[in-house]
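# Report on the structure
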Amino acid sequence: MDSTGHSAQPTPAWDRPRTAVVTGAGSGLGAAIAHRLAAEGARVGVTDVDIESATTVAADIAEAGGGAIAVEMDVGDQGSIKAGMSDVREAFGPITILVNNAGITPSAKFLEIDGETFDRVMAVNLRGPFQCCQAVVPDMIGAGWGRIVNISSSSAQTGNARMAHYAASKGGLISLTRSLALDLGRKGITVNTIPPGFVETPSLHAAAEAGELGEGIHQHIPTTPMRRVGQPEDIAAAVAFLVRDEADYITGQVLGVNGGRTIV
Ligand SMILES: NC(=O)c1ccc[n+]([C@@H]2O[C@H](COP(=O)([O-])OP(=O)(O)OC[C@H]3O[C@@H](n4cnc5c(N)ncnc54)[C@H](O)[C@@H]3O)[C@@H](O)[C@H]2O)c1
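Below or above, wherever it landed, is the structure these notes cover. (Residues numbered from 1 in each chain as written. Predicted model: local features only at pLDDT ≥ 70, side-chain atom pairs only at ≥ 80, totals over all residues. Heavy atoms only, no water.)

Once that is clear, we can look at the site of the ligand. The environment of the ligand is made up of 31 residues, and the closest members are Ser-27, Asp-48, Asn-101, Tyr-166 and Thr-201. Contact distances for the ligand include 2.8 Å between a nitrogen atom and a side-chain N or O atom of Asp-74. Measuring from a nitrogen atom of the ligand, one finds a backbone N or O atom of Val-75 at 3.0 Å. Isolated, the ligand exposes 830 Å² of accessible area, and the fraction of that covered by the protein chains is 90%. Secondary-structure elements contributing two or more residues to the shell around the ligand are α1 (28-39), α4 (115-143), α6 (164-184) and α7 (202-209). The biggest single contributor to the shell around the ligand is α7, with three residues. (Near = heavy atom within 4 Å. Polar contact = N/O pair within 3.5 Å; in protein donor to acceptor, adjacent residues only side chain to side chain. Areas by Shrake-Rupley, 256 points an atom, 1.4 Å probe, with all protein chains shown as cover. Helix = DSSP H or I, 4+ residues; strand = E, 2+ residues; numbered from the N terminus.)

Below is the structure:
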């Protein structure tokens, strides 16, 4: 560092080792986020309701030289959340980075969305992140430092036909983010949300195959300033930035990572 406080060396992400939990990390965005955080030097709890996929991702991270443990965790079940977080804590110590990524994306005509489906979507997409935060915020308060990133959806900003329940759950996640930022700022904990638009993942391909995306995955390219479909690594890069030490003054924010599509 020179006399002006500038350094020619890249700043490390953290001034000490950090333990991260990524939910729904067996596939798509979650897997890319887990890989990226491990590459940054975090020890990562790769959690998913599907333990086989989580095990594969954790093994891939280990093979690449990173620290990871696969843990079965259903975010729709508070007992499973508590047990899963304990497993990660036991392996790697207090959890000070949480990425609430797990989500389900059912689609149906409004009048055909029954109460059971609505409740399941809310349980996984909104109550899950809420209870994951409750499970790890004590660790963050203890450390005087924490980072929470909630993966919401551009559907929450624009609305989404045939996905009223999903969009409502993700809108709740944006409100949860802003409220927690107010609650937790003084504890050194930041809380932000990334609402992806179209990102090429297994769930997006499944939606396209089911005919849910109109003309398909590539239909938005002409109206996307960056002229391409989003990739999981685009979201992972934004998460990696938000959880760094130096992102300490960014909280309560909605960071659109969508190739520049205007969201109203
Ligand atoms: N792909 C996109 O274009 C896009 C756009 C907007 C928002 N999102 C959001 O990003 C997140 C990840 O989406 P994706 O496209 O990678 O999906 P994906 O289906 O590829 O991966 C989701 C992962 O979550 C896991 N999961 C499902 N239910 C779970 C539960 N109850 N507990 C724990 N894990 C569970 C699945 O097993 C899977 O591994 C979701 O919250 C989704 O709503 C994605």
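Right, let's talk about the pattern of salt bridges for a bit. In this structure the tally under the stated criterion is 10 salt bridges. Between Arg-36 and Glu-40 there is a salt bridge, and its shortest N-O distance comes to 2.9 Å. Among the residues examined, Glu-40 registers a relative accessible area of 25% and is labelled partly exposed. With a shortest N-O distance of 3.7 Å, Arg-244 and Glu-40 are connected by a salt bridge. Of this pair, Arg-244 sits in the segment after α8 (232-242) while Glu-40 sits in the loop between α1 and β2 (43-48), and the two are 204 residues apart along the sequence. Each of Arg-36, Glu-40, Arg-244 and Glu-246 takes part in salt bridges that share partners, so that together they form one network. (Salt bridge = Lys/Arg side-chain N within 4 Å of Asp/Glu carboxyl O. Buried < 20%, exposed > 50% of the residue type's maximum accessible area, 1.4 Å probe, protein only.)

Looking now at the nonpolar core. Formed by 32 residues in total, the largest nonpolar core has its most connected members in Ile-33, Leu-37, Val-46, Ile-151 and Val-239. At the level of secondary structure, the elements contributing two or more residues to this core comprise β1 (19-22), α1, β2, α2 (51-63), β4 (97-100), β5 (146-151) and α8. In terms of residue count, the dominant contributor to this core is α1 (seven residues). With residues up to four places along the chain from it excluded, the contact list for Ile-33 reads Val-22, Val-99, Asn-101, Ile-151, Ile-235, Ala-236 and Val-239. Membership of the second largest hydrophobic core comes to 26 residues, among which are Val-71, Val-124, Cys-132 and Ala-181. (Core = buried A, V, L, I, M, F, W, Y, C linked by side-chain atoms within 4.5 Å. Contact = heavy atoms within 4.5 Å.)

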